[in-house]
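Residues per chain are reported as follows:
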Amino acid sequence: MDHYDDPVHVARLVGACPRPWLVGLDVDGVLAPIVGHAADATLLAGMAEAVSALARLPEVDVVVVSGRSIAGLAQFGFGADVEVIGSHGMETRNLPMAPLSSDEQTLLETLAAAAIAAAERAGHGAWVERKPASVVLHVRQADDVAGSSAIFELADAIASLAGATTKAGSGVLEAFARHADKGTALVALGERIGAATTIFIGDDVTDEEAFARLLPTDIAIKVGGADTIAAHRLRDPTCVLDWLHALVAQR
């Protein structure tokens, strides 16, 4: 991917959109550089302040929409002026998630056992993350061939399990006992707050689901060089920070 948009230009496009705005932000790869292990991730210097400054603008609501669980998002310390949605839309900070049914709980344990077995096949560097309604196989730090094979075999095994779904990401496969997606969560929040324009910025395959739910009058921004349906593209989290600064400066 050779072409990236100028952050200031994209900020001007957003600035011309009708308010109120709902600004949705993914975290890993957008606000925080991608690292080998999720627990080691940190927001880019100055990012927390820029996000809060945007959230304080009139007629602007800011929401973090992440595949991470709410517990996993706590390490970033997002303030009360930012809405936080985790687990691809299943969890909202300060609100209880609907408990799993007995069938969902049984399915979740089956998925966990399959993911643990897959991690063992992938070998050193692979690990399994557990969330309230899903499990994630991480192979980014494992051998490339063994990791890819483990993800393929896990996806194949889960395909035969009634009620289970998967989402693939960069070096990860997440298996769900209950379906959720970022797009549904983003649209529901936009409708609840009466947003005139929704802006969503993400970097991963799962963010494409959110881009697909936006209206033609909304703004979709992809971070990085991977294929996307988004109309706009920024290079990396540093450019996202520049975009946030430019957006706030237009007030």
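Use the structure listed above.
Residues numbered from 1 in each chain as written. Predicted model: local features only at pLDDT ≥ 70, side-chain atom pairs only at ≥ 80, totals over all residues. Heavy atoms only, no water.

A.B. asks: Before we move on, could you go through the overall build of the protein and cite the residues and values that matter?
C.D. replies: When its secondary structure is counted, the protein shows eight helices and 11 strands. At 18 Å, the protein has a C-alpha radius of gyration in line with the 18 Å of a compact globule built from 251 residues. The dimensions of the protein, computed from C-alpha atoms along their principal axes, are 50 × 40 × 30 Å. Here the protein, with 251 residues, has 51% of them falling under the buried criterion. When the accessible surface of the protein is totalled, it reaches about 11300 Å², and 55% of it is carbon and sulfur. Averaging the positions of the 18 positive and the 33 negative side-chain charges in the protein gives two centres separated by 5 Å. (Helix = DSSP H or I, 4+ residues; strand = E, 2+ residues; numbered from the N terminus. Rg over C-alpha atoms; globule rule 2.2 N^0.38 Å. Buried < 20%, exposed > 50% of the residue type's maximum accessible area, 1.4 Å probe, protein only. Areas by Shrake-Rupley, 256 points an atom, 1.4 Å probe, with all protein chains shown as cover. Lys, Arg positive; Asp, Glu negative; His and termini not counted. Charge placed at Lys NZ, Arg CZ, Asp CG, Glu CD.)

A.B. asks: Tell me about the sheet that holds strand 10 (residues 219-223), and please be specific about residues and values.
C.D. replies: If you trace the seven strands from one edge of the open sheet to the other, you get 4-3-2-1-9-10-11, paired in mixed fashion. For this open sheet the edge positions go to strand 4 (91-92) and strand 11 (232-234), each flanked by a neighbour on one side alone. Two strands pair when backbone bridges link them, and strand 2 (residues 60-65) and strand 3 (residues 83-86) are joined in this way by three bridges, in the parallel orientation. Directly across from valine 63, in strand 3, lies its bridge partner glutamate 83. (Pairing = 2+ DSSP bridges.)

A.B. asks: Break down the side chain of glutamate 91 for me, with residues and values.
C.D. replies: Its location among the elements puts glutamate 91 in strand 4. Buried glutamate 91, no salt bridge; nearest opposite-charge side chain is lysine 131, N-O distance 7.4 Å. Of the polar contacts made by the side chain of glutamate 91, one reaches the side chain of serine 87; its length is 2.7 Å. Dropping the residues within four chain positions of it, glutamate 91 is found in contact with Ser69, Ile70, Val84, Ile85, Gly86, Met97 and Pro132. (Salt bridge = Lys/Arg side-chain N within 4 Å of Asp/Glu carboxyl O. Polar contact = N/O pair within 3.5 Å; in protein donor to acceptor, adjacent residues only side chain to side chain. Contact = heavy atoms within 4.5 Å.)

A.B. asks: Got a sec to walk through the pattern of salt bridges? Specific residues and values, please.
C.D. replies: Scanning all chains against the criterion turns up 10 salt bridges. We note a salt bridge from glutamate 109 to arginine 130, for which the minimum N-O separation is 2.9 Å. Of this pair, glutamate 109 sits in helix 4 (residues 102-122) while arginine 130 sits in strand 5 (residues 127-130), and the two are 21 residues apart along the sequence. Taking relative accessible area as the criterion, glutamate 109 reaches 37% and is therefore assigned partly exposed. The class of arginine 130 is partly exposed, set by a relative accessible area of 45%. Across the pair lysine 131 and glutamate 174 runs a salt bridge, and its minimum N-O distance is 3.1 Å. Here the residue lysine 131 occupies a position in the loop between strand 5 and strand 6 (134-138), and glutamate 174 occupies one in strand 8 (residues 172-176), the gap between them amounting to 43 residues. According to the relative accessible area criterion, lysine 131 is buried, its value standing at 7%. Judged by its relative accessible area of 5%, glutamate 174 falls in the buried class. Taken together, the shared-partner salt bridges connect Asp26, Lys182 and Asp207 into one network.

A.B. asks: Please provide a residue-by-residue account of the packing of aromatic side chains, values included.
C.D. replies: Per the counting criterion, the structure on display carries two aromatic pairs. Aromatic pair phenylalanine 76 and phenylalanine 78: ring centres 6.0 Å apart, planes at 40°, arrangement tilted. Like phenylalanine 78, phenylalanine 76 is buried. When the ring centre of phenylalanine 176 is taken as origin, the NZ or CZ atom of lysine 167, which lies over that ring, is 5.5 Å away. (Phe/Tyr/Trp six-rings, centres within 6.5 Å; stacked < 30°, edge-to-face > 60°. Lys NZ or Arg CZ within 6 Å of the ring centre and 35° of its normal.)

A.B. asks: Outline the side chain of lysine 222, supporting the account with residue identities and numerical values.
C.D. replies: The residue lysine 222 is located in strand 10 in this model. Residue classification places lysine 222 among the buried residues on the basis of a relative accessible area of 2%. Once residues lying within four places of it in the same chain are set aside, the contact partners of lysine 222 are Gly202, Asp203, Asp204, Glu208, Phe211, Asp227, Thr228, Ala230, His232, Arg233 and Leu234.

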